[in-house]
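Read off the chains here:
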Amino acid sequence: MNIHEYQAKALLKSFGAPVADGVPLLDASDAPAAADKLGGPVWVVKSQIHAGGRGKGKFKELGPDAKGGVRLAFSKDEVLSHVGEMLGNTLVTKQTGPAGKQVNRLYLEDGADIESELYCSILVNRETGKVSFVASTEGGMDIEAVAEETPEKIHTIDVDVETGVDDATVAKLNAAFELTGAAAEDGKSLFPILYKAFTEKDMSLLEINPLIVMKDGHLRVLDAKVSFDGNALFRHPDVMELRDKTEEDEKEIEASKYDLAYVALDGDIGCMVNGAGLAMATMDIIKLYGKEPANFLDVGGGATTEKVTAAFKIITADPNVKGILVNIFGGIMRCDVIAEGVVQAVKDVGLQVPLVVRLEGTKVEEGKAIINSSGLNVIAADDLDDAAQKIVKAVG
Ligand code: ADP
Ligand code: MG
């Protein structure tokens with residue numbers, strides 16, 4: 001689960017990290033008071049969407065010459081005119097895709113005197129099995145481009161789970177960021193704070209781009225992106241309250257109600273599969289035969305008819321779906337339950353696109369009998385390869 005920059009900053013501030021003063025804005029009428037409260041002389045108006053690259057982004061409604069999604073203002077009037085232009089419009093950035101995202105919230109923040117911009121993130125490093133800092137002096141820009149063009153400027157520093165961020169780790173981080181004087185002193189408190197926030201709140205990613213050294217020599221968190229581990233959210237009701245459903249795919253929200261592992265994708269073949277491994281293999285084989293999957297969907301091991309029905313409805317509700325492939329290997333999951341779910345769902349919502357079903361495993365004969373006697377126009381397949389070819393052919 002992701003949260004907005006202003007929420008991430010409030011969270012980091014509660015752990016003691018240095019952030020600027022700021023006021024979230026949901027309504028333009030609150031802007032004058034917010035601008036007065038901060039006082040200037042420099043304000044920054046920041047679009048709050050769950051995507052990066054806002055500074056270089058463009059508002060669809062405003063044309064290519066208008067300013068981006070992060071704007072400096074040097075007077076209260078300028079603050080208000082930016083707020084008026086930005087709120088409610090659609091921001092397109094490198095990370096939003098061409099459709100962009102509607103800006104429903106802004107964050108008005110004190111302007112900082114920037115000396116230099118650094119890149120700092122914390123993540124779970126699957127290669128080393130540890131939590132790692134990623135540190136670079138090349139902040140403020142696209143870190144993927146830095147990784148590609150000048151990989152030597154990116155440093156990965158593992159944290160020992162036993163000791164946490166100790167003096168030796170801080171020294172490595174300060175060296176990687178080339179910090180000296182007041183900034184290096186600030187690093188001694190900031191890096192342990194960031195690590196504490198990351199681990200205590202079960203984050204999967206904490207990205208600060210940029211972390212800045214200000215003209216006065218001190219460090220400040222200028223941007224913050226946080227993702228939480230969804231499997232640990234039950235431990236953090238305070239974090240769950242920060243969820244902004246308007247930023248999430250409706251189908252994914254619906255799927256989460258039924259505890260379905262669902263991720264929307266860009267292709268046109270809807271998939272209903274059990275088991276993450278089989279789901280991945282199914283997506284691969286669809287691609288092999290020249291099409292793209294519209295989703296990843298794992299109905300799980302012990303799915304009920306109700307859950308299967310919900311899953312099928314979510315797939316058919318997606319207008320991009322031009323065909324559906326049901327691929328079930330019944331181990332714990334029974335094929336007859338899947339079949340009943342599919343038949344029930346089709347009765348409820350109808351079937352406008354070709355449907356290929358491949359069932360194998362526990363109660364497979366019963367499952368096939370249910371589908372065959374249902375009168376549905378289902379294309380039966382024998383194995384995964386056959387199923388993928390049939391759905392690709394049917395979609396055309
Ligand atoms: P994004 O990464 O989505 O573009 P950032 O929060 O990183 O958004 O802002 C983009 C750039 O805008 C930063 O790299 C920084 O140069 C400038 N900026 C952002 N916030 C402030 C601020 N409070 N004061 C001064 N400059 C800022
Ligand atoms: Mg940024």
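What this report covers is the structure whose coordinates are included nearby.

### With respect to a negative patch on the surface
Then, number 1: On the surface, a cluster of negative charge is made up of E360, E365, E366, D382, D383 and D385.
Then, number 2: Relative to the helices and strands, E360 resides in strand β18 (residues 355-361).
Then, number 3: By relative accessible area, which is 31% here, E360 ends up partly exposed.

### What about the site of ligand 1?
Then, number 1: For ligand 1, the set of nearby residues contains 18 residues, the closest of which are K46, R54, G55, E109 and E117.
Then, number 2: Contacts to ligand 1 include K46, whose side-chain N or O atom sits 2.7 Å from an oxygen atom.
Then, number 3: At 2.7 Å from an oxygen atom of ligand 1 is found a side-chain nitrogen or oxygen belonging to R54.
Then, number 4: Burial of ligand 1 by the surrounding chains reaches 84%, relative to a free accessible area of 540 Å².
Then, number 5: Looking at the shell around ligand 1 residue by residue, the class counts come to six nonpolar, six polar and six charged.
Then, number 6: Looking at which domains feed residues into the shell around ligand 1, each of domain 1 (21-110) and domain 2 (114-239) gives three or more.

### Some remarks on the packing of aromatic side chains
Then, number 1: Under the counting rule described, the total for this entry stands at three aromatic pairs.
Then, number 2: With centroids separated by 6.1 Å and ring planes inclined at 80°, the aromatic side chains of F133 and F191 adopt a geometry described as edge-to-face. Pair noted here: F133 is in strand β9 (residues 130-136) and F191 is in helix α6 (residues 181-200), with a separation of 58 residues, a long-range link.
Then, number 3: Under the relative-accessibility criterion, F133 is labelled buried at 0%.
Then, number 4: Among the residues examined, F191 registers a relative accessible area of 0% and is labelled buried.
Then, number 5: Linked through ring pairs, F133, F177 and F191 together constitute an aromatic cluster.

### A word on the sheet that holds strand β3 (residues 58-59)
Then, number 1: The strand order across the open sheet built from three strands is β3-β5-β6, with neighbouring strands paired in antiparallel fashion. Across the chains shown, the open sheet's two edge strands, defined by having one partner strand only, are β3 and β6 (101-102).
Then, number 2: Pairing of β3 with strand β5 (residues 90-92) involves two bridges; the strand directions are antiparallel. Residue pairing across strands places F59 opposite L91, the latter belonging to β5.

### Re the coordination of the magnesium ion (ligand 2)
Then, number 1: The protein atoms that coordinate the magnesium ion (ligand 2) are N209 (O) and D223 (OD), at distances of 2.1 Å. In this pair, N209 is assigned in strand β11 (residues 203-214) and D223 in the loop between β12 (219-221) and β13 (225-228), connecting sequence segments 14 residues apart.
Then, number 2: Its relative accessible area of 16% is what places N209 among the buried residues.

### Side note on the pattern of salt bridges
Pairing is possible between side chains of opposite charge, provided their charged atoms come close.
Then, number 1: Throughout the structure, instances matching the rule amount to 23 salt bridges.
Then, number 2: Linking E5 and K9 is a salt bridge whose minimum nitrogen-to-oxygen distance equals 2.6 Å. Pair noted here: E5 and K9 are both in helix α1 (residues 5-14), with a separation of four residues, about one helical turn.
Then, number 3: Residue class for K9 comes out buried when judged on its relative accessible area of 1%.
Then, number 4: D268 serves as the salt-bridge partner of K291, at 3.9 Å between the closest nitrogen and oxygen. One end of the pair, K291, is in the loop between α9 (276-288) and β16 (295-298); the other, D268, is in the loop between β14 (261-264) and β15 (269-273), with 23 residues separating them in the sequence.
Then, number 5: In this structure, a network of salt bridges that share partners links the residues E5, K9, K46, R54, E109 and D223.

### What about the state of the cysteines?
Then, number 1: All told, the structure shown has zero disulfides when counted by the stated rule.
Then, number 2: A disulfide-free cysteine, C271 has its sulfur positioned 17 Å from the sulfur of C335, the nearest such atom.

### Considering the packing of helix α11 (residues 335-349) against helix α12 (residues 364-372)
Then, number 1: For the pair α11 and α12, the least separation of the axes is 7 Å and the interaxial angle reads 15°. With respect to each other, α11 and α12 are oriented roughly parallel. Crossing hand, α11 versus α12: right-handed. Residues C335, D336, A339, E340 and V343 of α11 form the contact with α12, whose own contacting residues are V364, E366, G367, I370 and I371.
Then, number 2: Per-class residue counts for the contact of α11 with α12 are six nonpolar, one polar and three charged.

### What about the sheet that holds strand β2 (residues 43-47)?
Then, number 1: A sheet is described by the order of its strands in space; here four strands give the open sequence β1-β7-β2-β4, paired in antiparallel fashion. The outermost strands of the open sheet, each flanked by one partner alone, are β1 (22-25) and β4 (70-73). This sheet shows a mean twist of 20° between the axes of neighbouring strands, independent of strand direction.
Then, number 2: By the bridge criterion, four bridges tie β2 to β4 in an arrangement that is antiparallel. If you follow K46 over to β4, its bridge partner there is V70.
Then, number 3: Strands β1, β2, β4 and β7 (106-110) of the sheet are contacted by helix α3 (residues 76-86), whose axis makes an angle of about 160° with β4.

Criteria and thresholds
- Residues numbered from 1 in each chain as written.
- Chains lettered and ligands numbered in written order.
- Predicted model: local features only at pLDDT ≥ 70, side-chain atom pairs only at ≥ 80, totals over all residues.
- Heavy atoms only, no water.
- Patch = residues over 30% accessible without salt bridge, like charges linked within 9 Å, V, L, I, M, F, W, Y side chains within 5 Å.
- Areas by Shrake-Rupley, 256 points an atom, 1.4 Å probe, with all protein chains shown as cover.
- Salt bridge = Lys/Arg side-chain N within 4 Å of Asp/Glu carboxyl O.
- Lys, Arg positive; Asp, Glu negative; His and termini not counted.
- Charge placed at Lys NZ, Arg CZ, Asp CG, Glu CD.
- Helix = DSSP H or I, 4+ residues; strand = E, 2+ residues; numbered from the N terminus.
- Buried < 20%, exposed > 50% of the residue type's maximum accessible area, 1.4 Å probe, protein only.
- Near = heavy atom within 4 Å.
- Polar contact = N/O pair within 3.5 Å; in protein donor to acceptor, adjacent residues only side chain to side chain.
- Nonpolar A, V, L, I, M, F, W, Y, C, P; charged D, E, K, R; others polar.
- Domains from an automatic or database assignment.
- Phe/Tyr/Trp six-rings, centres within 6.5 Å; stacked < 30°, edge-to-face > 60°.
- Pairing = 2+ DSSP bridges.
- Donors = N, O, S within 2.8 Å, 3.2 Å for Na, K, Ca; no water.
- Disulfide = S-S within 2.5 Å.
- Axes fitted to C-alpha atoms, helices over the stretch in contact; angles between N-to-C directions.
- Parallel < 35°, antiparallel > 145°, perpendicular 65-115°, else oblique.
- Left-handed = near helix turned anticlockwise from the far one by under 90°.
- Contact = heavy atoms within 4.5 Å.

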